[in-house]
Amino acid sequence: APARKQRLARFVKQWPRLGRVEADGNRLRMVIDDPFLRDLLRNHAYESGIDVDTSFASEIVTLSWPSYVALLESLAGEEAVDEVVELFAADVRAALRRSEKRQREFDEAMREPETDVEKLTRAAKFAVDYGLPLARAAGLGA
């Protein structure tokens, strides 16, 4: 069981960088082709009381940023959440490297939030608003 949980944790850590952010920046979608990982995720989320939406298609998981943070924390701990937030923010900064003004706006926006959920939500919204490639917004032809 610990090896399965670690495998799932490694996979879930990548979601902000590999998934699709909805147009409003408030939800994240991830396609999970591997049925074993899908079952691990569903079982873990159910046991942990975390809401994940697979109602559209079983291989597509949609969840809010609070649910994502709760899922990641339950799998890998608070340190993993901090790491994911920092990596996602670094990706946004890198995508903005040509515009100092936008980088300053982003850094200012990231100073205000106090929770990891708020930071992920703001980073995702910023990425969608500026059409950054890492956001690959769901439903926007990306």
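Residues numbered from 1 in each chain as written. Predicted model: local features only at pLDDT ≥ 70, side-chain atom pairs only at ≥ 80, totals over all residues. Heavy atoms only, no water.

1. Some points on a negative patch on the surface
A surface patch of negative charge is lined by E73, E78, E79, D82 and E86. In terms of residues, the negative patch owes the most to one element, helix α5 (residues 78-95), which gives 4 residues. Following the sequence through the fold, E73 ends up in helix α4 (residues 65-76). A residue is classified by how much of its surface remains accessible, and E73, at 37% relative accessible area, is partly exposed. (Patch = residues over 30% accessible without salt bridge, like charges linked within 9 Å, V, L, I, M, F, W, Y side chains within 5 Å. Areas by Shrake-Rupley, 256 points an atom, 1.4 Å probe, with all protein chains shown as cover. Salt bridge = Lys/Arg side-chain N within 4 Å of Asp/Glu carboxyl O. Lys, Arg positive; Asp, Glu negative; His and termini not counted. Charge placed at Lys NZ, Arg CZ, Asp CG, Glu CD. Helix = DSSP H or I, 4+ residues; strand = E, 2+ residues; numbered from the N terminus. Buried < 20%, exposed > 50% of the residue type's maximum accessible area, 1.4 Å probe, protein only.)

2. Some thoughts on the pairing of strand β2 (residues 27-31)
Where a strand is regular, its side chains alternate between the two sheet faces. Burial along β2 is one-sided: the face carrying L28 and M30 is buried and the face carrying R27, R29 and V31 is not. Across 2 bridges, the pairing between strand β1 (residues 20-21) and β2 is antiparallel. In the sheet register, V21 faces β2, and the bridge partner there is L28. Counting the residues that bridge the hairpin from β1 to β2 gives 5 residues, and of these G25 lies at a positive phi of roughly 80 degrees. With 5 bridges joining them, β2 and strand β3 (residues 60-64) adopt antiparallel strand pairing. Counterpart to M30 in the pairing with β3 is V61. (Pairing = 2+ DSSP bridges.)

3. Some words on the confidence of the model for the protein chain
On average, residues of the protein chain carry a pLDDT of 85, and 93% of them reach 70 or more. For the protein chain, the element scoring lowest by mean pLDDT is β1, at 84; α4 scores highest, at 94. Below a pLDDT of 50 lies the segment residues 137-142, which in the model reaches 11 contacts outside its immediate sequence neighbourhood of four places, other chains included. (pLDDT = per-residue confidence, 0-100. Contact = heavy atoms within 4.5 Å.)

4. Brief notes about the nonpolar core
The biggest cluster of nonpolar side chains holds 39 residues, and the ones touching the most others in it are V12, W15, I32, Y68, L71, V92 and F106. Listed by contribution, the elements that provide at least two residues to this core are α1 (2-13), β2, α3 (35-48), β3, α4, α5, α6 (100-111) and α7 (116-129). A per-element tally of this core places α5 first, with 7 residues. (Core = buried A, V, L, I, M, F, W, Y, C linked by side-chain atoms within 4.5 Å.)

5. Side note on α3
In a regular helix each residue adds 1.5 Å, so 14 residues correspond to 20 Å; α3 covers 20 Å between its end C-alpha atoms and thus fits that length. In this structure, the buried residues of α3 make contact with α1, α2 (15-18), β3 and α4. The N-cap residue of α3 is D34: its side-chain oxygen and the backbone nitrogen of F36 are 2.8 Å apart. At the C-terminal side of α3, G49 shows a positive phi close to 70 degrees. (Expected span 1.5 Å × (residues − 1). Polar contact = N/O pair within 3.5 Å; in protein donor to acceptor, adjacent residues only side chain to side chain.)

6. A closer look at the pattern of salt bridges
If you walk through the whole model with that rule in mind, you get 11 salt bridges. The partner of R29 in a salt bridge is E22, with the nearest N and O atoms 3.1 Å apart. The class of R29 is partly exposed, set by a relative accessible area of 34%. Salt-bridge contacts for R122 lead to E112; the nearest nitrogen and oxygen are separated by 2.9 Å. Remark: E112 occurs in the loop between α6 and α7 and R122 occurs in helix α7; sequence separation between them is 10 residues. We classify E112 as partly exposed; its relative accessible area is 48%.

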